[in-house]
Amino acid sequence: AHAYLISGPAGSGRHTLAALVTAAMVCSAPLAARPCGECVPCKKVLRGIHPDVQVFSGPGEGKPLTVDQVRQLRADAYVRPNEGERKVYWLEGADKMAPPAQNAMLKLLEEGPPYAAFLLLAENPGGLLQTIRSRCEELALTPVSPAECEQCLAARFPGKDPGEIRRAARSCQGILGRAVKELEDDGAGREQ
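In this text, all values refer to a predicted model and were calculated from it rather than measured experimentally.

Rules of the game
- Residues numbered from 1 in each chain as written.
- Predicted model: local features only at pLDDT ≥ 70, side-chain atom pairs only at ≥ 80, totals over all residues.
- Heavy atoms only, no water.
- Buried < 20%, exposed > 50% of the residue type's maximum accessible area, 1.4 Å probe, protein only.
- Helix = DSSP H or I, 4+ residues; strand = E, 2+ residues; numbered from the N terminus.
- Arc of directions from axis to C-beta.
- Contact = heavy atoms within 4.5 Å.
- Salt bridge = Lys/Arg side-chain N within 4 Å of Asp/Glu carboxyl O.
- Pairing = 2+ DSSP bridges.
- Axes fitted to C-alpha atoms, helices over the stretch in contact; angles between N-to-C directions.
- Polar contact = N/O pair within 3.5 Å; in protein donor to acceptor, adjacent residues only side chain to side chain.

Turning to helix H3 (residues 67-77), a few remarks are in order. Every buried residue belonging to H3 is among Gln69, Val70, Leu73, Arg74 and Ala77, and all of these are buried. Relative to the axis of H3, the buried residues are bounded by an arc of 145° and lie together on one face. Residues of H3 that are exposed and point over 90 degrees away from its buried face: Asp68 and Ala75. Considering only its buried residues, H3 is in contact with strand E2 (53-56), strand E3 (87-91), helix H4 (99-111) and strand E4 (116-122).

Rendered as structure tokens:
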């Protein structure tokens, strides 16, 4: 699709999913193997240095994207990609955009160039106009079970005490990012 709405609470994996979707869009592997994670475009996306991938966020901490930023995005979208066949734009906090900014974005979603793709990241998809949502494939991230969380954490932190992993999995309310942060912060605190 040319537009995805990736929604879920903070720590649910929105950015991880956005990176995988982006890598799949610019990957040079055969379609069935995307994202391969091994080609140069995939590696650039995962390191955050691909020239055809841009992240747009509000002008300051907690501030929404403005109409001017959406216009800037629109102008850039009509410049052909540097390295690949696609350009991918992430819109952070898309659900916090004011209606005028959303309307400016709507025009781009409807009439944008065929090589441009847009990933709208939102905590609350209901904050977006229905006209925007109807033009996006919606990918809603939901909390995982404590057992799934524990399994993922054990794989990510093989050297951690199983009791710590279990506690983090049970206290994170199914938001894996919270548990990861807790375990990383705990390790940093112990090293000091």
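More follows now that the structure is in view.
Here we come to the pattern of salt bridges. This structure, assessed with the given rule, holds 10 salt bridges. The partner of glutamate 138 in a salt bridge is arginine 133, and the shortest N-O contact between them spans 3.2 Å. Glutamate 138 sits in the partly exposed class, given a relative accessible area of 39%. Measuring nitrogen to oxygen at the nearest pair gives 3.3 Å for the salt bridge that ties glutamate 184 to arginine 156. Separated by 28 residues along the polypeptide, glutamate 184 in helix H8 (residues 176-191) and arginine 156 in helix H6 (residues 146-156) bring together distant segments of the chain. Owing to a relative accessible area of 40%, glutamate 184 belongs among the partly exposed residues under this scheme. Taken together, the salt bridges that share partners define one network made up of Glu150, Arg166 and Arg170.

With that out of the way, let us pick up the sheet that holds E2. Spatially, five strands are ordered E2-E3-E4-E1-E5 in an open sheet, and the strand pairing comes out parallel. Two strands lie at the open edges of the sheet, namely E2 and strand E5 (137-140), each paired on one side alone. Averaged over all adjacent pairs, the angle separating strand axes in this sheet is 20°, with direction ignored. On top of the sheet, H3 reaches E2, E3 and E4; it is set at about 170° to E3, its chief contact.

This part covers the side chain of lysine 160. Mapped onto the elements, lysine 160 comes out in the loop between H6 and helix H7 (162-171). Given a relative accessible area of 18%, lysine 160 falls into the buried group. From its side chain, lysine 160 meets the backbone oxygen of leucine 183 in a polar contact 3.1 Å long.

None of the figures reported here should be taken as evidence of function without further support.
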